[in-house]
Amino acid sequence: MKIVLNGEAREVQSETLSELLEECGFSGRVATAVNEQFVPSSLRIGHRLAQGDRIEVVAPMQGG
Amino acid sequence: MKTFYGTELPNPLMLGTAQYPSPAILEQAFRESGAGVATVSLRREGAGGAGQTFWAMIRDLGVLILPNTAGCHTVKEAVTTAQMAREVFGTPWIKLELIGHTDSLQPDVFQLVEAARILTEDGFQVFPYTTDDLIVGERLLGAGCEVLMPWGAPIGSGRGLNNEYALRAMRAEFPDVPLVVDAGIGLPSHAAHAMELGYDAVLLNTAVARAGDPAAMARAMALAIDAGRLAHEADPIEARDMAEPSTPVIGKAFLS
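Given the structure is predicted, the values throughout are model-derived calculations rather than measurements. (Residues numbered from 1 in each chain as written. Chains lettered and ligands numbered in written order. Predicted model: local features only at pLDDT ≥ 70, side-chain atom pairs only at ≥ 80, totals over all residues. Heavy atoms only, no water.)

Rolled over the atoms, a probe as big as a water molecule pinpoints where empty space is left. Put simply, the largest pocket is a space of about 480 Å³. Residue lining of the largest pocket: 20 residues in total, with E56 and V58 of chain A together with E77, T81 and M84 of chain B positioned closest to the centre. Residue contributions to the lining of the largest pocket peak at 5 residues, all from helix 3 (residues 75–89) of chain B. Looking at the lining of the largest pocket residue by residue, the class counts come to 8 nonpolar, 5 polar and 7 charged. (1 Å grid on protein atoms, 1.4 Å probe; cavity = no way out; pocket = protein on both sides within 12 Å on 5 of 7 lines; lining within 4 Å. Points joined across faces, edges and corners; volume = space filled by probe spheres on them. Helix = DSSP H or I, 4+ residues; strand = E, 2+ residues; numbered from the N terminus. Nonpolar A, V, L, I, M, F, W, Y, C, P; charged D, E, K, R; others polar.)

This is how it looks when you write it as structure tokens:
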């Protein structure tokens, strides 16, 4: 399936958001949004991905 | 000292975590400043898990965490960012930034009030980065904010308190609300000035992180903030236009 992950087009095997995080090597404290909607971590397992989904995975970063 | 959503700050300095020459210097700066709050943000996670390394270091500082919505230009973007920040950082605190103008990074106060209302209703404790406008301040309080953070000057400008009159008026208008000067501080004297006006805290980043010696500047800021707070508590004299001799006039020897 073709998706866009953090702004980059990707071809992935995963069918759910939680599988995608594992497939792409994300771990630790991250938060997710799909098509600009926040998806809480508790809902990632049940969140099925669709062709063309835009997924954001963010983590702690320096800030002012 | 006023509390921030029920939390008493260890001291009135909130320090940003961006722009330091290295993580080691960031840690030194925090130690020297004694800051009780660190501001942080969220960005796309890279393949190497850079965010996790950063998080481990910030957690070890043992300070309160205030995530921001820096760079957000719409209510929707800011609300989504806040939701993600609450999950990642495990705190209901959010420094709400809604930028309206790219050059000045001036807050878009209309969207700010709307986002503050949405987030407050969702259980967030909002620290709004706002202008020094009194009516906007009232609207933010009406939207559920219990803290106001007016700018001293544009973010990163180091210009100090651009409008002392407005900041003074804000302090007088909201005597019971915790007020923080956020942004624009360049020198310790600016931070002291904010505290002399009776502000409850100062939030700064660039002035320390981009100084030639960030750890030394962090210490200087801490001392200035202490001095300013003490001065405010000591009830300073009013400025006057004419001189007034401090040495007694009576008893002066007659020597012509």
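Another aspect to go through is the packing of helix 4 (residues 109–121) of chain B against helix 5 (residues 134–142) of chain B. All names here are of chain B. The geometry of helix 4 relative to helix 5 is characterised by a closest axis approach of 9 Å and an angle of 15 degrees between their N-to-C directions. What the angle tells us is that helix 4 and helix 5 run roughly parallel. Crossing angle aside, the handedness with which helix 4 passes helix 5 is right-handed. Side by side, helix 4 and helix 5 meet where V109, L112, V113 and A116 of the first sit next to V136, R139 and L140 of the second. Residues belonging to the contact of helix 4 with helix 5 are distributed by class as follows: 6 nonpolar, no polar and 1 charged. (Axes fitted to C-alpha atoms, helices over the stretch in contact; angles between N-to-C directions. Parallel < 35°, antiparallel > 145°, perpendicular 65-115°, else oblique. Left-handed = near helix turned anticlockwise from the far one by under 90°. Contact = heavy atoms within 4.5 Å.)

So, on to the interface of chain B and chain A. Each side of the interface is counted separately: chain B has 28 residues, and chain A has 25 residues. In this assembly, chain B packs against chain A so that about 2,200 Å² is buried in total across both faces, 56% of it on carbon and sulfur atoms. Residue E87 of chain B is joined to R44 of chain A by a salt bridge in which the shortest nitrogen-to-oxygen separation is 3.3 Å. At the junction of chain B and chain A, the tally comes to 18 residue pairs in polar contact (both at pLDDT 80 or more). Listed by contribution, the elements that provide at least two residues to the side of chain B that touches chain A are strand 2 (37–44), helix 2 (50–61) and helix 3 of chain B. With 7 residues, helix 3 of chain B is the single largest residue contributor to the side of chain B that touches chain A. For the side of chain B that touches chain A, the per-class residue count stands at 9 nonpolar, 12 polar and 7 charged. One ladder, built from 5 bridges, connects strand 5 (residues 54–62) of chain A with strand 2 of chain B; its direction is antiparallel. Across the sheet, V58 of chain A pairs through a bridge with R44 of chain B, a residue of strand 2 of chain B. (Buried area = accessible area lost by both parts, 1.4 Å probe. Salt bridge = Lys/Arg side-chain N within 4 Å of Asp/Glu carboxyl O. Polar contact = N/O pair within 3.5 Å; in protein donor to acceptor, adjacent residues only side chain to side chain. Pairing = 2+ DSSP bridges.)

Here we take up the pairing of strand 3 (residues 31–34) of chain A. Residues and elements named next belong to chain A. Side-chain alternation along strand 3 places A31 and A33 on one buried face and T32 and V34 on a second face that is also buried. Sheet analysis places strand 3 next to strand 5, joined by 4 bridges and oriented antiparallel. Among the inter-strand pairings, T32 is bridged to a residue of strand 5, identified as V57. Sheet analysis places strand 3 next to strand 4 (residues 37–39), joined by 3 bridges and oriented antiparallel. (Buried < 20%, exposed > 50% of the residue type's maximum accessible area, 1.4 Å probe, protein only.)

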